[in-house]
Amino acid sequence: MNGAETVLRTLLNNGVDVCFANPGTSEMQFVAALDRHPAMRGVLCLFEGVATGAADGYARMTGRPAATLLHLGPGLANGLANLHNARRARTPVVNVVGDHARSHKPLDSPLESDIDAAATTVSHWVRRPITSADIGPDTAAAVAAALSAGGPDVADRSRTGTSGAISTLIMAADLSWGESTPPAPRLPAPPLRSVAPADVEAAAALVAGPEPVALLIDGAGLSERGLRAAARIRKATGTAAFCPTWPARLRRGTGVPAIQPLGYRAEAVNQQLAGIKHLILVGAREPVASFAYPGRPGLLTPPGTRVHRFVPDAGFDVVGALMELAEVVAPDVVESDVLASDGVGADALGAGGVELGAVAGLPAAQGASPSLVNEPLCTGNWARFIGSLLPEEAIVVDESITEGMNTLAPATADSAPHDVLGLTGLAIGQGIPVAAGAAIACPERPVVCLQADGSALYTISGLWTQARENLDVTTVILNNRSYAILRAELDRVGGNQAGPAASALFDLSRPDIDFTAVATGMGVPATRATSTTELAEQFTAALATPGPHLIEAILQPS
Ligand SMILES: Cc1ncc(C[n+]2csc(CCOP(=O)(O)OP(=O)(O)O)c2C)c(N)n1
């Protein structure tokens, strides 16, 4: 057995059986070993950002890491942006990066670069096996490290969401082709940590006390069990709850207590948190503005609000902590009493506190026909139609950027129950790859990728992987033919009105990009919609036919 085979077999022993790959010469031994071990599913990605994004989507849905197979420093570097998103999502990923044989490295051949430096920017764990005896144990350690931020076992992770990290194993070619020792057995993942009883009591005192309190929940707390526990707390005490703008994974829809995402812009968050005296972090980071703006604070917590780190990070048992808190402050409210209408949004807060489950004017839940006013598609209407037609147990990948920023959450609060996967690290180009990975993770569930046009183009070749693997993904390109968010940002940083030179850098026309032609060329059947009726018809037809589809929704300026 050679070293590459030891890596592959150790990955399999440790529950890693999908590998999103873009290989080169230094990874050929690993590629050859795939034929001897069909239990490992190799998935070809035509750009490394697709491989790393797909690994992220896969693990967000299974709780188990996938492997990526990347070609030296440049291959890893091409995948960094989506590894950054995965790191921010706390997704477990195991990168296997090939390197030159050690005898070859001093020759400074063309692909020689500092792989370790590139890996360190996103990885929680980086290691190079030194001898053949290290290969099995180091590979097992890579998987354990990816799961190190918590999770008692694989089955539990898949129910509750991920709390992992990025591991990068760098394999010198001579170790890959050399004779190796046997694969290593499974290493247990470390258990989630529990919150101390004193911390539960302290949080309970705040929640049950006289001053306005809000929970900010992330990680596994956004699973159905977590949201039900938060809804119990709210029902007994009136405590509001929020989640990040674009969480890694959020359960939403009928029967699921709704939670209000914090707005993307500071002004919205200021409104949402106005009057709150205590903000209790439950597996969430303190809210900060995504960027600095002249004269504006970066921290979004209002000056009079105290922040309490009840569940410091997702390495803790977030759901368990919420349930313990619910037991203390809401012992008489049982889970079955908590309906979607008991959402944990901030409706009690006045300005800015709109409970998503109760937003007026939305189409009825899935199955009922929305009032189909046939009008040109625009920012204001597409989400309502998608929301009303969303199938049961859909996985919604949200890279809708400006087009869904304020509309998607309310439009889907009453949709059939589904999971939403968000743009955690704001490195765009995540949607199409994450959708591919999620579809491989959950072949029985429909995946709906709501994809802004500019962001789509970074990793558009992921459509080809969706076609190659015949994945059940319906991509809706929200085509406003611009980097719309950047127009607003120019103004917000004090850059004044965009003149012709600045405008040219936000404009995706001249020429218009024909997404239906691009998709068809990659093997994904595609249609174009310009009106709400066309979108509804094409979306329904795409969902009814297995395999990937793309709908290019041409949006008029609102
Ligand atoms: C990797 C990366 N490169 C560049 C950016 C900067 N950026 C943020 S949003 C954006 C444009 C997004 O345009 P689009 O996807 O069409 O969405 P829209 O703003 O039109 O809603 C860019 C270039 C980024 N966030 N990440």
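The structure displayed is predicted, hence computed values, not measured ones.

J.: So what exactly am I meant to see when it comes to the overall build of the protein here?
T.: The secondary structure content of the protein amounts to 22 helices and 18 strands. Here the protein has a C-alpha radius of gyration of 24 Å; the compact-globule value for 558 residues is 24 Å, and the two agree. Each of the three principal axes of the protein carries a C-alpha extent, and together these read 70 × 60 × 50 Å. Across the 558 residues in the protein, those meeting the buried criterion constitute 58%. The contacts of the protein with a sequence gap of at least 6 include a subset with a gap of at least 24, amounting to 81%. Counting only carbon and sulfur atoms, one obtains 57% of the accessible surface of the protein, whose full area is about 20,600 Å².

J.: Looking at this model, I keep getting lost on the site of the ligand. Mind explaining?
T.: Taken together, 17 residues surround the ligand, and among them T402, D453, G454, S455 and I485 come closest. Side-chain polar atom of D453 to an oxygen atom of the ligand: 2.7 Å apart, as the coordinates give it. N480 places a side-chain nitrogen or oxygen 2.9 Å from an oxygen atom of the ligand. Within the complex, the protein chains bury 79% of what would otherwise be the 580 Å² of accessible surface of the ligand. Contributing elements (two or more residues each) for the shell around the ligand: α17 (453–456) and α19 (484–492). Looking at the shell around the ligand, its residues break down into ten nonpolar, five polar and two charged.

J.: For this particular structure, what's the right way to read the sheet that holds strand β10 (residues 260–261)?
T.: Hydrogen bonds between backbone atoms are what pair the strands of a sheet, whose relative direction is either parallel or antiparallel. Spatially, β10-β8-β7-β11-β12 is the arrangement adopted by the five strands of the open sheet, whose pairing is parallel. Each edge of the sheet is formed by a strand with only one pairing partner; in this case those strands are β10 and β12 (306–311). Pairing of strand β7 (residues 213–217) with strand β8 (residues 240–243), which is carried by three bridges, proceeds in the parallel orientation. Following the sheet pairing, L215 is matched in β8 by A241.

J.: Just to check I follow, could you spell out the pattern of salt bridges for this structure?
T.: Opposite charge on two side chains allows them to pair when their charged atoms are near. Evaluated as defined, the whole model comprises 28 salt bridges. The salt bridge involving E393 is made with R445; its shortest N-O contact spans 3.4 Å. Here E393, found in the loop between α14 (382–389) and β13 (395–399), pairs with R445, found in the loop between α16 (431–441) and β15 (447–452); they are 52 residues apart in sequence, far enough to count as distant. Under the relative-accessibility criterion, R445 is labelled buried at 12%. Several salt bridges share partner residues, and in doing so they unite E224, R228, R249, R251, E393, D419 and R445 into one network.

J.: What is the right way to read the packing of helix α3 (residues 48–62) against α16 from this model?
T.: Between two packed helices, both the angle of their axes relative to each other and the distance between the axes serve to describe the pair. Where α3 contacts α16, the two axes come as close as 6 Å, and the packing angle between them is 45°. Comparing their axes, α16 and α3 come out oblique. The element α3 and its partner α16 pack so that their crossing is right-handed. Residue-level inspection shows G49, V50, G53, A54, D56, G57, Y58, M61 and T62 of α3 in contact with α16, the latter providing P433, V434, G437, A438, I440 and A441. Taken together, the residues of the contact of α3 with α16 break down into nine nonpolar, five polar and one charged.

J.: Help me understand the nonpolar core in this model?
T.: One recurring pattern in soluble globular proteins is that nonpolar side chains are buried together. In terms of nonpolar packing, the biggest core is built from 40 residues, with F20 and L76 touching the most fellow members. Counting residues per element, this core draws most heavily on α16, at seven residues. Within the second largest apolar cluster, 33 residues are counted, among which are V207, L215, A231 and A330.

J.: Just to check I follow, could you spell out the packing of aromatic side chains for this structure?
T.: Each pair of aromatic rings is reported with the distance of its centres and the angle of its planes. In total, this model carries two aromatic pairs according to the counting rule given. With 6.3 Å between their ring centres and 70° between their planes, F20 and Y58 make a pair best called edge-to-face. With F20 in strand β1 (residues 18–21) and Y58 in helix α3, the pair connects residues that are 38 residues apart, well separated along the chain. No difference in accessibility class separates F20 from Y58, as the two residues are buried.

J.: What should I look at first to understand the domain arrangement of the protein in this one?
T.: Frequently, the measure chosen for interface size is the accessible area removed from exposure when the parts meet. One can read the domain layout of the protein as domain 1 (3–177), domain 2 (197–337) and domain 3 (354–554). Between domain 2 and domain 3, the residue contacts involve 22 residues of the former and 30 residues of the latter. Interface area, domain 2 with domain 3, both sides summed: about 2,300 Å², of which 53% is carbon and sulfur. In this structure, the connection of domain 2 to domain 3 is made through five salt bridges. Measuring nitrogen to oxygen at the nearest pair gives 2.9 Å for the salt bridge that ties R492 to E267. Our enumeration of links across domain 2 and domain 3 arrives at ten residue pairs in polar contact (both at pLDDT 80 or more). Contributions of two or more residues to the side of domain 2 that touches domain 3 are made by β9 (250–252), β10 and α12 (266–273). Its residues assigned to classes, the side of domain 2 that touches domain 3 shows twelve nonpolar, four polar and six charged.

J.: Just checking my understanding: could you explain α16 for this structure?
T.: Because each turn of an α-helix spans 3.6 residues, side chains separated by three or four positions in sequence point in the same direction. Counting buried positions along α16 gives eleven out of eleven residues, so the element sits mostly inside the fold. Along α16, the residues classified as buried are G431, I432, P433, V434, A435, A436, G437, A438, A439, I440 and A441.

J.: Looking at this structure, I do not really get the pairing of strand β3 (residues 67–71). What am I missing?
T.: Looking along a regular strand, one sees side chains alternate from face to face of the sheet. When you tally the buried positions in β3, you get five out of five residues, the bulk of the element. Residues A67, L69 and H71 line one face of β3 and the alternating positions T68 and L70 line the opposite face, and both faces are buried. Alignment of β1 against β3, held across three bridges, turns out to be parallel. When the sheet's bridge partners are listed, C19 is paired in β3 with A67. As paired strands, β3 and strand β4 (residues 93–99) are joined by five bridges and run parallel to one another. In the sheet register, L70 faces β4, and the bridge partner there is V97.

J.: How do you make sense of the sheet that holds β9 when you look at a structure like this?
T.: Strand order in the open sheet formed by seven strands is β9-β14-β13-β15-β16-β18-β17, and the pairing between neighbours is mixed. Looking at the sheet topology across the chains shown, the edges are occupied by β9 and β17 (526–529). Strand-to-strand twist in this sheet, taken as the mean axis angle between neighbours without regard to direction, amounts to 20°. Running over the sheet, α16 touches β13, β14 (418–421), β15 and β16 (473–479) and is turned about 175° from β15.

What counts, and at which threshold
- Within every chain, residues take consecutive numbers counted from 1 along the sequence as written.
- The predicted nature of this model means local features are confined to residues of pLDDT at least 70 and side-chain atom pairs, given and counted, to a pLDDT of 80 or more, with totals for whole chains, interfaces and linings taken over all residues.
- Heavy atoms from the whole structure form the basis of all side-chain values; hydrogens and water molecules are not counted.
- By definition, any uninterrupted DSSP run of H or I lasting at least four residues is a helix, any uninterrupted run of E lasting at least two residues is a strand, and each is numbered from the N terminus.
- Taken over C-alpha atoms, the radius of gyration is set against a globule rule of 2.2 Å times the number of residues to the power 0.38.
- Remark: exposure states derive from per-residue accessible area (1.4 Å probe, protein chains only) relative to the maximum for the residue type, with buried under 20%, exposed over 50%, and partly exposed in between.
- Contacts: residue pairs with any heavy atoms within 4.5 Å of one another.
- Every accessible area reported is derived by Shrake-Rupley at a probe size of 1.4 Å, with residue values counting cover from the shown protein chains alone.
- Near, as used in this document, describes a residue that has one of its heavy atoms within 4 Å of the molecule or strand being considered.
- Think of a polar contact as two N or O atoms within 3.5 Å of one another; within protein, one of them needs to be a possible hydrogen donor and the other a possible acceptor, and neighboring residues in sequence only count if both atoms come from side chains.
- When residues are grouped by polarity, Ala, Val, Leu, Ile, Met, Phe, Trp, Tyr, Cys and Pro land in nonpolar, Asp, Glu, Lys and Arg in charged, and all others, Gly among them, in polar.
- Strand pairing is assigned whenever DSSP identifies at least 2 bridges connecting the two strands.
- Whenever Lys or Arg places a side-chain nitrogen within 4 Å of a carboxyl oxygen from Asp or Glu, that contact is recorded as a salt bridge.
- Here an angle of 0 to 180 degrees is reported between the N-to-C directions of two axes, which are lines fitted to C-alpha atoms, with helices fitted over the stretch in contact.
- Orientation is classified from the angle alone, with under 35 degrees giving roughly parallel, over 145 giving roughly antiparallel, 65 to 115 giving roughly perpendicular, and any other angle giving oblique.
- A clockwise turn of the near helix away from the far one marks a right-handed crossing, whereas an anticlockwise turn of less than a right angle marks a left-handed crossing.
- Among the buried residues, those of types Ala, Val, Leu, Ile, Met, Phe, Trp, Tyr and Cys that are joined through side-chain atoms within 4.5 Å form a nonpolar core.
- Within 6.5 Å between ring centres, the rings of Phe, Tyr and Trp (the latter by its six-membered ring) count as paired, and their orientation is classed by plane angle as stacked under 30 degrees, edge-to-face over 60, tilted in between.
- Where each domain begins and ends is defined by an automated method or by a domain database.
- Take the accessible area each of two parts loses on contact, using a 1.4 Å probe, and add the two losses: that sum is the buried area.

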